[in-house]
Amino acid sequence: MHAIAIAQPGGPEVLAWREVPDPEPAPGEVVVDVVAAGVNRADLLQRQGFYEPPPGASPYPGLECSGVISEVGEGVEGYKVGDEVCALLSGGAYAERVAVPWQQLMPVPEGVSLQDAAALPEVACTVWSNVFMLARLRRGETLLVHGGASGIGTMAIQLAKAFGSRVAVTAGSEEKLARCRELGADEGVNYRTDDFSQKIRADVILDIIGAKYLAGNIKALNTGGRLVVIGLQGGTRGELDVGALLRKRASVHGTTLRARPVDEKGVIVRGVVDNVWPLVSAGAIRPVIHSRIPLADAARAHEVLESGEHIGKILLVR
Ligand SMILES: NC(=O)c1ccc[n+]([C@@H]2O[C@H](COP(=O)([O-])OP(=O)(O)OC[C@H]3O[C@@H](n4cnc5c(N)ncnc54)[C@H](OP(=O)(O)O)[C@@H]3O)[C@@H](O)[C@H]2O)c1
């Protein structure tokens, strides 16, 4: 098969379309012939040499895909050759074929094309596991989503609105804020011109910035609030006012999805299929796709993501 290999750490130009060995399904795995792969910010870090795949994962980038099952290993439950699926991966989506533990497979939601389904697994699993399983966002509470126009943000807005919450967002332009409002956001702050912590109060914050926003996030939390940090675009070391945390009876969490064991990913995936897919099938949540770029041209997709011009997801297609 062919895959996008990372020749050495560096810019988008190090991504090379190469002939590589085909994956073999280990017990409990299937092989998926990839139709499309979602591009995630984590892929940029892996390309730059800052985010090694976890042990046992494919060396090729790509944390999600859609496609058709072409081989089934021993002990796989509920899937067969020919099934159309999408999948949460630990790596390897930037390839013609990828081996996947069956617990990380999902059916394609009704009403979504096989290609578009590649835009859903990573954002749906990240938002479901952090905002709902961990932070337990409730109906009527306010969720603040930093980077509302990101892949993650566009899913978080739609899902929180579908579950009856208020949603506030930050974004870096008026155009992006307008798109967030179209997706359902009630309130938006342009972080380039305003300080969100002066304007927004929230019960749950989904944060992709880390250190730079830590103080502001604590300030913006309501009593009993839950801050979940999932990205570190603003650095890893900040100062935490523990007194404020105590007074607000608030909590701070940090998580990653990629390194979790298969069984934990399986629990999240089942939660998504049971709770998120029906909303997708009903049209309450749609994949937000900025552009589609041929898989062999992954370098261009990385340039677009790095430019920050996109709203929602970029797909690599075959
Ligand atoms: N921990 C996990 O398990 C996990 C899983 C998935 C994703 N993530 C993280 O989630 C983040 C989003 O991922 P993605 O793939 O959706 O990336 P993406 O589409 O490239 O989004 C990045 C976003 O960051 C926003 N941003 C940059 N500086 C900002 C600031 N100062 N304030 C507010 N927003 C700012 C950008 O908004 P503007 O363009 O408006 O500036 C952009 O929308 C990444 O940091 C990624 O690592 C974590």
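What counts as what
Residue indices begin from 1 for each chain and proceed along its sequence in written order. Where local features are concerned, this predicted model is filtered to residues with pLDDT of at least 70; where side-chain atom pairs are given and counted, the filter is 80 or more; whole-chain, interface and lining totals use all residues. Only hydrogens and water are removed before side-chain values are computed, so all heavy atoms of the structure are retained for them. Two strands pair if DSSP finds at least two bridges between them. The helix and strand labels rest on DSSP assignments: H or I over at least four residues marks a helix, E over at least two residues marks a strand, and numbering proceeds from the N terminus. Each axis is a line fitted through C-alpha atoms, taken for helices only over the stretch in contact, and angles between the N-to-C directions span 0 to 180 degrees. Contacts: residue pairs with any heavy atoms within 4.5 Å of one another. A molecule or strand has a residue near it when one of that residue's heavy atoms lies within 4 Å. As used in this structure description, the phrase polar contact means that two N or O atoms lie within 3.5 Å; if the pair is within protein, one of them must be able to donate a hydrogen and the other to accept it, and residues adjacent in sequence are counted only when both atoms belong to side chains. Accessible areas in this description were obtained via Shrake-Rupley with a 1.4 Å probe; residue shielding takes into account the shown protein chains only. Only Asp, Glu, Lys and Arg are considered charged in this grouping, and only Ala, Val, Leu, Ile, Met, Phe, Trp, Tyr, Cys and Pro are considered nonpolar; every other residue, Gly among them, is considered polar. Domain delimitation in this document rests on an assignment produced automatically or drawn from a domain database. By convention, a stacked pair of Phe, Tyr or Trp rings (six-membered ring in the case of Trp) has centres within 6.5 Å and planes under 30 degrees apart, an edge-to-face pair has planes over 60 apart, and any other such pair is tilted. Partly exposed describes any residue whose relative accessible area lies between the buried limit of under 20% and the exposed limit of over 50%, with all areas from a 1.4 Å probe on protein chains only and scaled to the type maximum. Any carboxyl oxygen of Asp or Glu that lies within 4 Å of a side-chain nitrogen of Lys or Arg is treated as forming a salt bridge with it. Cavities and pockets were defined on a 1 Å grid built from protein atoms only: a cavity is a group of points that admits a 1.4 Å probe but offers it no way out, a pocket is an open group of points flanked by protein on both sides within 12 Å along at least five of seven lines, and a lining residue is one with an atom within 4 Å of any such point. Grid points are joined across faces, edges and corners, and a volume is the space filled by probe spheres set on the points. What is meant by a nonpolar core is a set of buried Ala, Val, Leu, Ile, Met, Phe, Trp, Tyr and Cys residues, joined one to another through side-chain atoms within 4.5 Å. The term buried area denotes the loss of accessible surface (1.4 Å probe radius) that occurs when two parts are joined, taken as the sum for both partners.

S.K.: Just to check I follow, could you spell out the sheet that holds strand S13 (residues 251-254) for this structure?
M.R.: Hydrogen bonds along the backbone pair up the strands of a sheet, which may run parallel or antiparallel. The six strands are arranged S10-S9-S8-S11-S12-S13 in an open sheet whose pairing can be described as parallel. Both edges of this open sheet fall to strand S10 (187-190) and S13, since each of them pairs with a single strand only. Taken over all neighbouring pairs, the strand axes of this sheet differ in orientation by 15° on average, direction set aside. Of the strands in this sheet, strand S8 (142-145), strand S9 (166-171) and strand S11 (202-207) touch helix H3 (residues 151-162), which is tilted by about 165° from S9.

S.K.: Honestly, the site of the ligand in this entry has me stumped. Any pointers?
M.R.: Close to the ligand lie 27 residues; Arg41, Gly172, Lys176, Tyr191 and Tyr213 are nearest. Taking Arg41, its side chain carries an N or O atom lying 2.7 Å from an oxygen atom of the ligand. In the complex, the protein chains occlude 90% of the 920 Å² of accessible area that the ligand would expose alone. Elements that contribute at least two residues to the shell around the ligand include exactly helix H2 (121-134), H3, S9 and helix H6 (211-220). Classifying every residue of the shell around the ligand gives nine nonpolar, 13 polar and five charged. Each of two domains, domain 1 (2-120 + 258-317) and domain 2 (128-254), supplies a minimum of three residues to the shell around the ligand.

S.K.: Explanation requested: the packing of aromatic side chains in the structure shown.
M.R.: Within a pair of aromatic rings, the relevant descriptors are the distance that separates the centres and the angle that separates the planes. Scanning all chains against the criterion turns up four aromatic pairs. Summarising the aromatic geometry, the rings of Trp128 and Phe132 are spaced 5.1 Å apart at their centres and angled 15° between planes, so their arrangement reads as stacked. Here Trp128 and its partner Phe132 are both found in helix H2, four residues apart, which amounts to about one turn of the helix. With respect to burial, Trp128 and Phe132 carry one shared label: buried. Look at Phe132 and Phe163: their rings are 4.9 Å apart centre to centre, the planes differ by 50°, and that puts the pair in the tilted class.

S.K.: I would appreciate a short explanation of the pattern of salt bridges in the present structure.
M.R.: Where charged atoms from two side chains of opposite charge come close, those side chains can pair. What the rule picks out here adds up to 16 salt bridges. The shortest N-O distance in the salt bridge between Arg47 and Glu306 comes to 2.7 Å. Of this pair, Arg47 sits in helix H1 (residues 41-47) while Glu306 sits in helix H10 (residues 298-307), and the two are 259 residues apart along the sequence. Residue Arg47 is classed as buried on the basis of its relative accessible area, which comes to 2%. As a salt-bridge pair, Arg138 and Glu141 come within 3.0 Å of each other at their nearest N and O atoms. Within this structure, Asp22, Asp33, Glu71 and Arg97 form a network of salt bridges that share partners.

S.K.: Would you mind going over the layout of surface pockets with me for this structure?
M.R.: One water molecule sets the probe size; rolling that probe over the atoms shows where empty space is left. Each pocket or cavity is described by its volume, and for the second largest pocket that value is around 470 Å³. Taken together, 29 residues form the lining of the second largest pocket, with Glu29, Gly56, Ala57, Ser58 and Ala99 sitting closest to its centre. Looking at the lining of the second largest pocket, the element that brings in the most residues is strand S6 (residues 97-101), giving five residues. Its residues assigned to classes, the lining of the second largest pocket shows 16 nonpolar, six polar and seven charged.

S.K.: What exactly am I supposed to notice about unusual backbone geometry here?
M.R.: Excluding glycine, a negative phi dihedral is what most residues carry, and trans is how most peptide bonds are arranged. Of note in the backbone geometry, Arg136 takes a positive phi value of approximately 50° without being a glycine. Secondary-structure assignment places Arg136 in the loop between H2 and S8. Although it is not a glycine, Arg249 adopts a positive phi angle of roughly 50°. Position of Arg249 among the secondary structure elements: in the loop between helix H7 (242-248) and S13. The class of Arg249 is exposed, set by a relative accessible area of 62%.

S.K.: Could you clarify how one ought to interpret the pairing of S8 in this entry?
M.R.: If a strand is regular, its side chains alternate between the two faces of the sheet. Burial of S8 is two-sided: the residues Thr142 and Leu144 facing one way and the residues Leu143 and Val145 facing the other way are all buried. Where S8 and S9 come together, four bridges link them in parallel fashion. Bridging from a neighbouring strand, Leu144 pairs with Ala168 of S9.

S.K.: Would you mind going over the side chain of Asp116 with me for this structure?
M.R.: Turning to its location among the elements, Asp116 is positioned in the loop between strand S7 (105-107) and H2. Look at Asp116 and you get buried, because its relative accessible area is 19%. When near neighbours in sequence (up to four residues on either side) are disregarded, Asp116 contacts Pro287, Ile289, Arg292 and Leu315.

S.K.: Is there a simple way to think about the nonpolar core in this case?
M.R.: Burial of nonpolar side chains together is a common tendency in soluble globular proteins. Membership of the largest hydrophobic core comes to 47 residues, with the highest contact counts inside it found for Val127, Leu143, Leu159, Val272, Val276 and Trp277. Of the residues forming this core, the biggest block, seven residues, is contributed by H2. Val32, Val34, Val76 and Leu105 belong to the second-largest nonpolar core, a separate cluster that totals 28 residues.

S.K.: What's the story with the domain arrangement of the protein in this structure? I'm lost.
M.R.: When the parts of a complex come together, some accessible area is lost, and that lost area is often taken as the interface size. The assigned domain composition of the protein is domain 1 (2-120 + 258-317) and domain 2 (128-254). Of note, the centres of domain 1 and domain 2, computed from C-alpha atoms alone, are 26 Å apart. Summed over both partners, the interface of domain 1 with domain 2 comes to about 1,400 Å²; 71% of that surface belongs to carbon and sulfur atoms. Taken as a group, Ile285, Val288 and Ile311 account for 34% of the area that domain 1 buries against domain 2, more than any other trio of residues on that side. Connecting domain 1 to domain 2 are four residue pairs in polar contact (both at pLDDT 80 or more). The biggest single contributor to the side of domain 1 that touches domain 2 is helix H8 (residues 262-275), with five residues.

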